[in-house]
Amino acid sequence: MRESKTIDTQQFATIAANLLHQGVLETQRTTAKRIFRELEEGRRVSLTRLRMEDGGELRFDLSMDADGFNGVLNFSAFRDGLLALVANLSDTLRAGAAITVFDPIKDQDSTSDSYASTRIFGVPGITNHDGMVNALMLGVEPDPVQPVVALHLLYVDPQQFVVESSSTS
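What you see is a predicted model, and the numbers here were worked out from it, not measured in a lab. (Residues numbered from 1 in each chain as written. Predicted model: local features only at pLDDT ≥ 70, side-chain atom pairs only at ≥ 80, totals over all residues. Heavy atoms only, no water.)

Our focus in this paragraph is the overall build of the chain. Secondary structure assignment for the chain yields 3 helices and 7 strands. Buried residues in the chain amount to 38% of all 169 residues. Of the contacts made within the chain by residues no fewer than 6 positions apart, 55% connect residues no fewer than 24 positions apart. In the structure as shown, the chain presents an accessible area of about 10,500 Å², 48% of it carried by carbon and sulfur atoms. (Helix = DSSP H or I, 4+ residues; strand = E, 2+ residues; numbered from the N terminus. Buried < 20%, exposed > 50% of the residue type's maximum accessible area, 1.4 Å probe, protein only. Contact = heavy atoms within 4.5 Å. Areas by Shrake-Rupley, 256 points an atom, 1.4 Å probe, with all protein chains shown as cover.)

Spelled out as structure tokens, the structure:
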């Protein structure tokens, strides 16, 4: 029986940010656009396979939920959001700040939610396109049976990140 290993949130966030950077942002534009189109169509894309210390392989897949996107999602908006997300994750990690992780909600009535077992890193990538603000977050979901980790890009309501000022307008 293979011994399971765990890595901490900071290490995992570093791996995820690097995979997104190398697997999407640093690839050729045509490859990045193909990945975007597949994600936009609701498909899951295989990013890479990592060889672990014990010789086993761990596959990383990528998916996207754009239901929370404000405006019309195109490749440029997607790329900008991903750049902001990776940059914010990297800045947070370099600063040595703790990354809040939102654990899945254990609600028996939410069995239809496709991301019900996803843990979400509390570091958003905030962008503004044509006056529309968007927030892209990264979710992580290890497969309970197979050596697969799904990275989920999730557009969420950006209003939750707005800091209210003390003056009223």
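In total, this model carries 5 aromatic pairs according to the counting rule given. Judged by centre distance (5.0 Å) and plane angle (85°), the rings of phenylalanine 69 and tyrosine 155 are edge-to-face. Of this pair, phenylalanine 69 sits in the loop between strand E2 (57–65) and helix H3 (75–94) while tyrosine 155 sits in strand E7 (residues 148–156), and the two are 86 residues apart along the sequence. Of the residues examined, phenylalanine 69 reaches a relative accessible area of 11% and is grouped as buried. In textbook terms, an aromatic cluster arises when at least three aromatic residues are bridged by ring pairs, as seen for Phe12, Phe60 and Phe121. (Phe/Tyr/Trp six-rings, centres within 6.5 Å; stacked < 30°, edge-to-face > 60°.)

Further remarks concern the pattern of salt bridges. Counted according to the given criterion, the structure contains 8 salt bridges. In this structure, arginine 119 and aspartate 103 form a salt bridge, with 2.8 Å as the shortest nitrogen-oxygen distance. Pair noted here: arginine 119 is in strand E4 (residues 119–121) and aspartate 103 is in the loop between strand E3 (101–102) and E4, with a separation of 16 residues, a long-range link. (Salt bridge = Lys/Arg side-chain N within 4 Å of Asp/Glu carboxyl O.)

Glancing now at unusual backbone geometry. With the exception of glycine, the majority of residues adopt a negative phi angle, and the majority of peptide bonds are in the trans configuration. Despite not being glycine, aspartate 130 shows a phi value in the positive range, around 50°. Among the structural elements, aspartate 130 can be located in the loop between strand E5 (125–129) and strand E6 (132–142). You can call aspartate 130 exposed: its relative accessible area is 81%.

Within the secondary structure, alanine 150 sits in strand E7. Separated by 88 residues in the primary sequence, alanine 150 and leucine 62 have C-alpha atoms spaced 5.8 Å apart. Sequence-distant contacts of alanine 150, defined by excluding residues within four places in its chain, comprise Arg44, Asp61, Gly139, Val140 and Glu141.

Structurally, threonine 127 is set in strand E5. Those residues in contact with threonine 127 that sit more than four places away from it in its chain are Asp80, Gly81, Ala84, Met132, Val133 and Asn134.

Our next topic: the nonpolar core. Ranked by size, the top nonpolar core spans 39 residues in total, and within it Phe78, Leu82, Leu138, Leu151 and Leu153 carry the most contacts. Among the elements of the structure, helix H1 (9–25), helix H2 (29–40), strand E1 (45–51), E2, H3, E6 and E7 are those that each provide at least two residues to this core. Discounting chain neighbours no more than four positions away, the residues touching leucine 153 are Leu20, Leu62, Ser63, Met64, Asp65, Phe78, Leu82, Leu85, Leu136, Met137 and Leu138. (Core = buried A, V, L, I, M, F, W, Y, C linked by side-chain atoms within 4.5 Å.)

Packing of H1 against H3 leaves a shortest axis separation of 10 Å and a crossing angle of 150°. For the pair H1 and H3, the crossing hand works out as left-handed. On H3, the residues that touch Gln10, Ala13, Thr14, Ala17, Leu20, His21, Val24 and Leu25 of H1 are Phe78, Arg79, Leu82, Leu83, Val86, Leu89 and Leu93. Here the contact of H1 with H3 is built from residues that sort into 11 nonpolar, 3 polar and 1 charged. (Axes fitted to C-alpha atoms, helices over the stretch in contact; angles between N-to-C directions. Left-handed = near helix turned anticlockwise from the far one by under 90°. Nonpolar A, V, L, I, M, F, W, Y, C, P; charged D, E, K, R; others polar.)

Attention shifts here to the confidence of the model for the chain. Confidence in the prediction for the chain averages 86 pLDDT; 85% of positions are at 70 or higher. Under a pLDDT of 50 for its full length, residues 108–112 has, in the predicted model, 2 contacts with residues more than four places off or in other chains. (pLDDT = per-residue confidence, 0-100.)

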